[in-house]
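Architecture and fold: a report
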Amino acid sequence: MDSLLRYRSLVREAAALRSGADDPVAAARRTCDRIDAVDPHLLAFVPEPDRRARLLAAAERTAAAWDGPVRPPLYGVPVGVKDIIRVDGLPTRAGSLLPPGVLAGPQAAVVDRLVAAGALIAGKTVTAEFAVTAPGPTRNPHHVAHTPGGSSSGSAAAVAAGLVPLALGTQTVGSMIRPAAYCGIVGFKPSFDRVPTAGVIPNAVSFDTVGWYAQDVAGAALAASVLCDHRPDGTDAPPAAAPVLGVPAGPYLRRADDEALAALRAQREVLRRAGYTVVEVAVMADFEEIVTQLFTMNRYEVARAHTEWYARFGDLYREQTATALHEGHAVTDSAYAAACARRAEFREQLDAARRAAGVDLWIAPAATGPAPFGLGSTGTSVMCLPWSNAGLPSVSLPAGRAANGLPLGLQLVGPYGADPAVLTWAAGIEEALRAGGAVPAGGAGEG
């Protein structure tokens, strides 16, 4: 069979569809052909017996609805949607064994935005059960014996394999950024609350954020122009200068393995030669307490989100998820309130340290190292944890490979609410890394 990797540029495909050089029916047909050929080996999409007929019919309706010279930004673009995000006409199972219909509800607001922008929903992508830790069956397209990460495993693998040029995921702790790194693509997690979560099955509501994958920053930025709430107060204005980059020195960074740290040193040197100022900033000396604080809140919230479902269907939950719920129910209201207060202090301290050092953008490994061997775990989210805790916008860029050939990612983290600036800065850093040889010129794989 063909390689499991294939490069699909969202920007190029969307431009061809809008201009009439391509058409939605042809795009839908190619997408189904690719899914049929590759997904039996990858298992990125939730199985759907009538996918081709459904998608072709949707493409025909889209073509008829926009039969004119002016077409919306994602006209005819096939998109994967993580199976905790509700889509009209497709069941939501959240990677679980709960009966069909239990998790049903109105279509997610973010899917409404996709549809309004002309996108086609190619199908639901596999998620870890309820976006917690129990992994789905998806394999890493770079090496099928390795995890693609989680919990947005199917969405990341689907984009890396060229099944779709765009896919939605979610991040509570590290479920967007880590899979992007493991699969060698771009992942974008907006600022907390920048994209509506109505219609998304909750994990921990104080952290849950909808994000997306594309092959490059330009694709992530195109999707952001459609999916993010826009700010009329001027904070969305383009940045005036290249960012000062901050490396968060201290116990947080020591959680990365030797290979990831060596890659970060090489990436810093590439960026320094490209003209970026890179400074080290000592932060998060109390990192272990930050980890405890986040998981106190996380487990408390996920347990309460599942109170009714678990009471009815607890015997259908997988062991990892049930354990998380039991841990959450053991957290007292007072412990949760204390953790919330500690989180607010952490956000203020982190932002104060950034501003005092003159830093615009934090840089760090997107994961502790390359994708681990095996499919029994999705890897650790610890490199994403403090940034998700603070609700900050984050991007993972492909940035070199490990000794075993698997991808590594560089994580960029900006100030809260500075999503457009972060994407603009990420595009420049992506180009610098590519020019310095840290990113293959064709992305994850040509096709």
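Only a predicted model underlies this, so the values are computations on that prediction, with no experimental measurement involved.

Remarks on the overall build of the chain
- A tally of helices and strands in the chain yields 14 helices and 10 strands.
- Taken over C-alpha atoms, the radius of gyration comes to 21 Å for the chain, in line with the 22 Å a tight globule of 447 residues would show.
- Counting only C-alpha atoms, the chain reaches 55 × 55 × 45 Å along its principal axes.
- Relative to its 447 residues, the chain shows a buried fraction of 60%.
- Accessible surface, the chain as shown: approximately 16,200 Å² in total, 56% of it carbon and sulfur.
- Across the chain, the centroid of the 39 positively charged side chains sits 2 Å from that of the 43 negatively charged ones.

Considering the packing of helix α1 (residues 10–19) against helix α7 (residues 217–227)
- Two elements in contact, α1 and α7, have axes separated by 7 Å at closest approach and are oriented at 55 degrees. Relative to α7, α1 is oriented oblique. Contacts from L10, V11 and A14 in α1 reach A218, G219, L222 and A223 in α7.
- Its residues assigned to classes, the contact of α1 with α7 comprises 6 nonpolar, 1 polar and no charged.

Some points on empty space enclosed by the protein
- Overall, the coordinates contain 4 cavities of 30 Å³ or more when judged by the stated rule.
- Its boundaries defined by the atoms lining it, the second largest cavity holds a volume of some 70 Å³.
- Together, A181, A260, A263, L264, Q267, P365, A366, A367, G369, L408 and G409 line the second largest cavity.
- Among the elements of the structure, α8 (258–273) and β10 (407–413) are those that each provide at least two residues to the lining of the second largest cavity.
- When residues in the lining of the second largest cavity are grouped by element, the largest group, 4 residues, is from α8.
- Grouping the amino acids of the lining of the second largest cavity by side-chain chemistry returns 8 nonpolar, 3 polar and no charged.

Quick notes on the side chain of Q107
- Mapped onto the secondary structure, Q107 falls in the loop between β1 (78–82) and α4 (109–116).
- By relative accessible area, which is 17% here, Q107 ends up buried.
- In terms of polar contacts, Q107 uses its side chain to reach the backbone amide nitrogen of D88, at 2.9 Å.
- Polar side-chain contacts of Q107 include one of 2.7 Å to the side chain of D112.
- When near neighbours in sequence (up to four residues on either side) are disregarded, Q107 contacts R86, V87, D88, D112 and V115.

Looking at the pairing of β10
- Extensive coverage of β10 is indicated by the burial of 7 of its 7 residues.
- Residues P407, G409, Q411 and V413 of β10 are buried on one face, and the alternating residues L408, L410 and L412, pointing to the opposite face, are buried as well.
- The pairing of strand β8 (residues 361–365) with β10 spans 4 bridges and is classified as antiparallel. Considered in β10, the bridge of P365 is made with L410.
- Hairpin connection, strand β9 (residues 394–401) to β10: the antiparallel pair is bridged by 5 residues, and G405 has positive phi, about 90 degrees.

Quick look at the sheet that holds β10
- Pairing in this open sheet of 10 strands is mixed, and the strands run β2-β1-β3-β5-β4-β9-β10-β8-β6-β7 from one edge to the other. Each edge of the sheet is formed by a strand with only one pairing partner; in this case those strands are β2 (120–125) and β7 (278–282). When strand polarity is set aside, the average angle formed by the axes of neighbouring strands in this sheet is 30 degrees.
- Here helix α5 (residues 153–160) sits on the sheet in contact with β1, β2, β3 (166–171) and β5 (209–214), set at roughly 150 degrees to β3.

Section: helix α3 (residues 51–65)
- Across its 15 residues, α3 extends 21 Å between first and last C-alpha, which sits within 8% of the 21 Å expected from 1.5 Å per residue.
- Turning to α3, its buried residues number three or more, namely R51, L55, L56, A58, A59 and T62. Looking down the long axis of α3, one finds its buried residues gathered within 160 degrees of arc, a one-sided arrangement. Relative to its buried face, α3 has exposed residues pointing more than 90 degrees away, namely A53, R61 and A64.
- Tucked into the core, α3 has its buried residues touching α2 (24–42) and β2.

Let's talk about the confidence of the model for the chain
- Scored by pLDDT, the chain has a mean of 95; 97% of the residues are at 70 or more.
- Per-residue pLDDT stays below 50 along residues 441–447; that stretch engages in 18 contacts with residues further than four places along the chain or on separate chains.

Section: the packing of aromatic side chains
- Within the structure shown, the criterion is met by 8 aromatic pairs.
- Considering the side-chain rings of Y252 and F287, the 5.5 Å spacing of their centres and the 65 degrees angle between planes classify their relative orientation as edge-to-face. On the criterion of sequence distance, the pair formed by Y252 in the loop between β6 (245–249) and α8 and F287 in helix α9 (residues 287–305) is long-range, its members being 35 residues apart. Across this residue pair, the class does not change: Y252 and F287 are buried.
- In this structure an aromatic cluster arises from ring pairing among F130, W309, Y310 and Y317.

So, the pattern of salt bridges
- Following the criterion strictly, the structure yields 18 salt bridges and no others.
- The partner of E48 in a salt bridge is R51, with the nearest N and O atoms 3.3 Å apart.
- Connected through shared salt-bridge partners, D33, D36 and R52 make up one network.

Regarding α1
- For α1, the full list of buried residues reads L10, E13, A14 and L17. Looking straight down α1, one finds that the buried residues subtend no more than 95 degrees of arc, so they occupy a single side. Within α1, the exposed residues directed more than 90 degrees away from the buried face are R12 and S19.
- Where α1 is buried, its residues touch α2, β3 and α7.
- Residue G20 follows α1 closely and has a positive phi angle near 95 degrees.

Rules behind the numbers
Residues numbered from 1 in each chain as written. Predicted model: local features only at pLDDT ≥ 70, side-chain atom pairs only at ≥ 80, totals over all residues. Heavy atoms only, no water. Helix = DSSP H or I, 4+ residues; strand = E, 2+ residues; numbered from the N terminus. Rg over C-alpha atoms; globule rule 2.2 N^0.38 Å. Buried < 20%, exposed > 50% of the residue type's maximum accessible area, 1.4 Å probe, protein only. Areas by Shrake-Rupley, 256 points an atom, 1.4 Å probe, with all protein chains shown as cover. Lys, Arg positive; Asp, Glu negative; His and termini not counted. Charge placed at Lys NZ, Arg CZ, Asp CG, Glu CD. Axes fitted to C-alpha atoms, helices over the stretch in contact; angles between N-to-C directions. Parallel < 35°, antiparallel > 145°, perpendicular 65-115°, else oblique. Contact = heavy atoms within 4.5 Å. Nonpolar A, V, L, I, M, F, W, Y, C, P; charged D, E, K, R; others polar. 1 Å grid on protein atoms, 1.4 Å probe; cavity = no way out; pocket = protein on both sides within 12 Å on 5 of 7 lines; lining within 4 Å. Points joined across faces, edges and corners; volume = space filled by probe spheres on them. Polar contact = N/O pair within 3.5 Å; in protein donor to acceptor, adjacent residues only side chain to side chain. Pairing = 2+ DSSP bridges. Expected span 1.5 Å × (residues − 1). Arc of directions from axis to C-beta. pLDDT = per-residue confidence, 0-100. Phe/Tyr/Trp six-rings, centres within 6.5 Å; stacked < 30°, edge-to-face > 60°. Salt bridge = Lys/Arg side-chain N within 4 Å of Asp/Glu carboxyl O.

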